[in-house]
Amino acid sequence: MTTLKSKLQEDLTAAIKERDELRSSTLRLTLSAITNEEVAGKTARELSDDEVQKVITREAKKRREAAEAFANGGRAEQAERERAEGEVLAGYLPKQLSDDDLEQLVAAAVAEAKGAGAEGPRAMGQVMKIVNPKVAGRAEGGRVAAIVKRLLAAG
């Protein structure tokens, strides 16, 4: 069993013993999503820590989107619950890059792409190929793409 998955299970056991309903339900749902991912496809397999982290990232993103939808729908209590679940999951993810750090990484990638002869908005794909491995798991794709577009448009 992967170390991240076993840590989630240990934390779930601790949360149940402490009667922490929010934490235990969040971890239960996340472990369920991991198990679903493991049995998806033709053969069952065990996920690596990186794959488990991707599942946790996807679950955290679902919580953010649900919180936003509840807030827009005037259901503040559910929105707050979703945000709290997102905070629980954030504890298992790598620290997110700040806007300044992310902008520096993207600027270096834009310079590298320009050095390879790619310029303007059409260089978006090449810049993303350079940046994505460097920021994997530490910044959401939409955030990265927005900064790439802005820097490419600035020229």
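What you see is a predicted model, and the numbers here were worked out from it, not measured in a lab.

Colleague: How would you sum up the packing of helix α5 (residues 99-115) against helix α7 (residues 141-154)? Please name residues and give values.
Modeller: Interaxial distance between α5 and α7 falls to 10 Å at its minimum, and their mutual angle equals 55°. Relative to α7, the element α5 lies oblique. Judged by the twist between their axes, the crossing of α5 over α7 is right-handed. In this structure, α5 uses Asp99, Leu102, Glu103, Val106, Ala107 and Val110 to contact α7, whose residues at the interface are Arg143, Val144, Ile147, Val148, Arg150, Leu151 and Leu152. Per-class residue counts for the contact of α5 with α7 are nine nonpolar, no polar and four charged.

Colleague: Any chance you could break down the nonpolar core for me, citing the residues and the numbers?
Modeller: Nonpolar side chains in soluble globular proteins tend to be buried together. Formed by 20 residues in total, the largest nonpolar core has its most connected members in Leu102, Val106, Val127, Val144 and Val148. Secondary structure elements with two or more residues in this core: α5, α6 (124-135) and α7. Leave out the neighbours within four places in its chain, and Val106 touches Val131, Val144, Ile147, Val148 and Leu151. Within the second largest apolar cluster, 15 residues are counted, among which are Leu8, Ala60, Leu89 and Tyr92.

Colleague: Can you tell me about α6, naming the residues and giving the values?
Modeller: An ideal rise of 1.5 Å per residue puts 16 Å on twelve residues; α6 measures up with 16 Å between its terminal C-alpha atoms. What α6 keeps buried is the set Met124, Val127, Met128, Ile130, Val131 and Val135. On an axial view of α6, the arc spanned by its buried residues comes to 165°, and they lie on one face. Turned more than 90 degrees away from the buried face of α6, the exposed residues are Lys129 and Pro133. In this structure, the buried side of α6 is in contact with α5 and α7.

Conventions and cut-offs
- Residues numbered from 1 in each chain as written.
- Predicted model: local features only at pLDDT ≥ 70, side-chain atom pairs only at ≥ 80, totals over all residues.
- Heavy atoms only, no water.
- Axes fitted to C-alpha atoms, helices over the stretch in contact; angles between N-to-C directions.
- Helix = DSSP H or I, 4+ residues; strand = E, 2+ residues; numbered from the N terminus.
- Parallel < 35°, antiparallel > 145°, perpendicular 65-115°, else oblique.
- Left-handed = near helix turned anticlockwise from the far one by under 90°.
- Contact = heavy atoms within 4.5 Å.
- Nonpolar A, V, L, I, M, F, W, Y, C, P; charged D, E, K, R; others polar.
- Core = buried A, V, L, I, M, F, W, Y, C linked by side-chain atoms within 4.5 Å.
- Buried < 20%, exposed > 50% of the residue type's maximum accessible area, 1.4 Å probe, protein only.
- Expected span 1.5 Å × (residues − 1).
- Arc of directions from axis to C-beta.

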